[in-house]
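An overview of the molecular structure
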Amino acid sequence: QDNQYEYHQGPKAKRMSIKICSNDNGGVSRWSEIQTVRGVFKNFKSLPKNCPGFMLDSQVTVAHGLPWSIWVYPCGYDGDESGNIGVYLHCPSDRGVAEGIATHLKYKIRTEIKSLSRTASIDTCIDGTASGHHRFLPRDDAMIESMLVKGALVVHADIQIPAAATPPAWVPKSECTSLRKGMLRLLKGASEMGDVKFVVDGQDFFAHRHILRVRSAALYELVDAVGGDSRPSAIPISNVGKDEFTVLLRYVYANETPKWSTNESDGPCPRAVLEIADKFGCTGLKLVAEAELADNHIAAETAADLILLADCKHCALLKESAVLYFADNVDAVMSSDGWKRLSESSAILTEMIQVGFGGGKPLHDNIADGGYRRMYVSTLWAELEKRGLDLDGSKEILANRLEQSDAEVNHIFGVAGGDDEEDDAGDEE
């Protein structure tokens, strides 16, 4: 099979009616907000046409605190459905299975071409972990170029799960929007009222010293080094594009993240945005660019270079995604120009050889299954965010951060426990 995918036999789907869209809403009084996961299945037209039961699995994405992926059976889940594409929303979490979330949710599965969608009213259930549609799309329809995005079948799933009975505290979103717009107006007026000027690729950019001091310490250090408290002369910024510097300033002022285009010439380049965000310490922007690269830019010709970039910039998610892609497409990646550059690093080359020859252990989303170092990065991020810890860093750094947090908690409770025992001993005496 000369295609990008390594096939494996998928679990058998069982047709099953789930009364989620009934009048009583399945006994659920409130539903969570909609969160979306996305699966990209590249070179879809080149896939084999006569392999019923074989399944493709998308990258795992966290939504509602749970890991999700999208399963696609490109030739049907069995011989009876070989003319149809089966698509299912999969929740591999132990918690999801225990609470029946995978089979008790509201969702809409849709393609990137929004003319086609399926809701939860007609369901098929697989082993209590996935639900979807065994006849999502006739295979012949999927071969039409207008249904594909650059040759890929792109599937979205908009998910809602049962929410707590007590509604969450209301926050006036309009105030947040108003603040963001106000900060962008402030940035726009910096040419008259600002006290900082940067020169990037021949273009002047103006800003405010005190905002940089709070929001980007690295940019503020450049200002402070040349100007003190007085208005500094123009500060040149080298090796940075104008579009990417604009994205950086808009994030610094208003937490605005870029809208990526399918054509990089029409918008900011995610790799360049990642590098400038890393250079100037804007972690949130760096993570957004990293996620874009991991979701939409890994291919046979780019995987090796992205592994190098991720290792250099400590991008845990990007490296994990690119390495997983390499494990499924060893020959294609090793034939790329990027592989020659990767081969110059003996440490990374050794790691890739171990992955390519099956030396790695499977990833999971439960610490009981092997500790933090074998967990998916998206699961680590969710746990770090819950604890209010920094999300930036390599996977080893993220795991160390959580292990240190656990050790601190255990130490606190250990000390408290020891004091209680001493008090109890004193009482007995």
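Quick summary incoming for the structure in this document. The model shown is predicted, which means the values in this text are computed figures rather than measured ones.

For the rest of this paragraph, the subject is the pattern of salt bridges. In this structure the tally under the stated criterion is 16 salt bridges. For Lys386, the salt bridge identified is with Glu383, shortest N-O distance 3.2 Å. Taken together, the residues span about one helical turn, with Lys386 and Glu383 both in helix H15 (residues 377-386) at a distance of three residues. Across the pair Arg387 and Glu383 runs a salt bridge whose closest N-O atoms are separated by 2.8 Å. Arg387 gets classed as partly exposed once you look at its relative accessible area, which sits at 28%. Among the charged side chains, a network of salt bridges with common partners joins Asp278, Lys286, Lys313 and Asp392.

Turning next to the packing of helix H8 (residues 270-279) against helix H9 (residues 283-296). It is at 8 Å that the axes of H8 and H9 come closest, and there the two elements cross at 155°. By the angle between their axes, H8 is roughly antiparallel relative to H9. Regarding H8 and H9, the two cross each other, and that crossing is left-handed. Contacts between H8 and H9 involve Pro270, Arg271, Val273, Leu274, Ala277 and Asp278 from the first element and Leu285, Lys286, Ala289, Glu290, Glu292 and Leu293 from the second.

This part takes up the packing of helix H7 (residues 242-254) against H8. In the contact formed by H7 and H8, the axes pass within 9 Å of each other and the chain directions differ by 55°. Classified by the angle between their axes, H7 and H8 sit oblique to one another. Handedness of the H7/H8 crossing: right-handed. In contact with Glu244, Phe245, Val247 and Leu248 of H7, H8 contributes Ala272, Val273, Ile276 and Ala277.

With that settled, the discussion passes to the nonpolar core. If you look at the biggest cluster of nonpolar residues, it comprises 64 residues, and the most contacted ones within it are Phe198, Leu212, Phe245, Leu248 and Leu318. What Phe198 contacts, discounting residues up to four positions off in sequence, is Gln203, Asp204, Phe205, Ala207, Leu212, Leu219, Val223, Ile235, Ile237 and Phe245. Listed in part, the 28 residues of the second largest apolar core include Val37, Leu66, Ile85 and Cys91.

This part is about the environment of Arg374. Tracing the chain through its elements places Arg374 in the loop between helix H14 (346-356) and H15. Note: C-alpha distance between Arg374 and Lys395 (21 residues apart in sequence) is 9.4 Å.

We now examine the packing of aromatic side chains. In the structure shown here, the tally under the stated rule is four aromatic pairs. Ring centres of Tyr73 and Tyr88 lie 5.5 Å apart, and the angle between their planes is 85°; on these two criteria the pair is classed as edge-to-face. Here Tyr88 lies in strand E7 (residues 84-90) and Tyr73 lies in strand E6 (residues 66-73), a separation of 15 residues in the sequence. As far as the burial class goes, Tyr73 and Tyr88 line up, both buried.

Here we come to the sheet that holds strand E14 (residues 203-207). Reading across from one edge, E14-E13-E15 is the order of the three strands in this open sheet, with mixed pairing throughout. Lying at the two open borders of the sheet, with one neighbouring strand each, are E14 and strand E15 (235-237). If you compare each strand with its neighbour and ignore which way they point, the axes differ by 30° on average. Here three bridges tie strand E13 (residues 196-200) to E15, and the two strands are oriented parallel to one another. Bridge pairing links Val200 to Ile237 in E15.

Before going further, it helps to spend a moment on the pairing of E6. Counting buried residues along E6, eight of its eight residues qualify, which places the element largely inside the surrounding structure. Across the two faces of E6 the burial is the same, with Leu66, Trp68, Ile70 and Val72 and Pro67, Ser69, Trp71 and Tyr73 all buried. Bridge count for strand E4 (residues 54-57) against E6 is two bridges, and the pairing is antiparallel. Looking at the pairing, Asp57 lines up with Trp71 of E6. When strand E5 (residues 61-63) meets E6, the two strands line up antiparallel, connected through three bridges. In the strand pairing of E6, Ala63 is matched with Leu66.

The next subject is H9. Between its first and last C-alpha atoms H9 spans 20 Å; for 14 residues at 1.5 Å apiece the expected length is 20 Å, and the two agree. Of all the residues in H9, the buried ones are Leu285, Lys286, Leu287, Ala289, Glu290, Glu292, Leu293 and Ala294. Against the buried residues of H9 lie H7, H8, helix H10 (303-313), helix H11 (316-328) and H15.

The rules we used
Residues numbered from 1 in each chain as written. Predicted model: local features only at pLDDT ≥ 70, side-chain atom pairs only at ≥ 80, totals over all residues. Heavy atoms only, no water. Salt bridge = Lys/Arg side-chain N within 4 Å of Asp/Glu carboxyl O. Helix = DSSP H or I, 4+ residues; strand = E, 2+ residues; numbered from the N terminus. Buried < 20%, exposed > 50% of the residue type's maximum accessible area, 1.4 Å probe, protein only. Axes fitted to C-alpha atoms, helices over the stretch in contact; angles between N-to-C directions. Parallel < 35°, antiparallel > 145°, perpendicular 65-115°, else oblique. Left-handed = near helix turned anticlockwise from the far one by under 90°. Contact = heavy atoms within 4.5 Å. Core = buried A, V, L, I, M, F, W, Y, C linked by side-chain atoms within 4.5 Å. Phe/Tyr/Trp six-rings, centres within 6.5 Å; stacked < 30°, edge-to-face > 60°. Pairing = 2+ DSSP bridges. Expected span 1.5 Å × (residues − 1).

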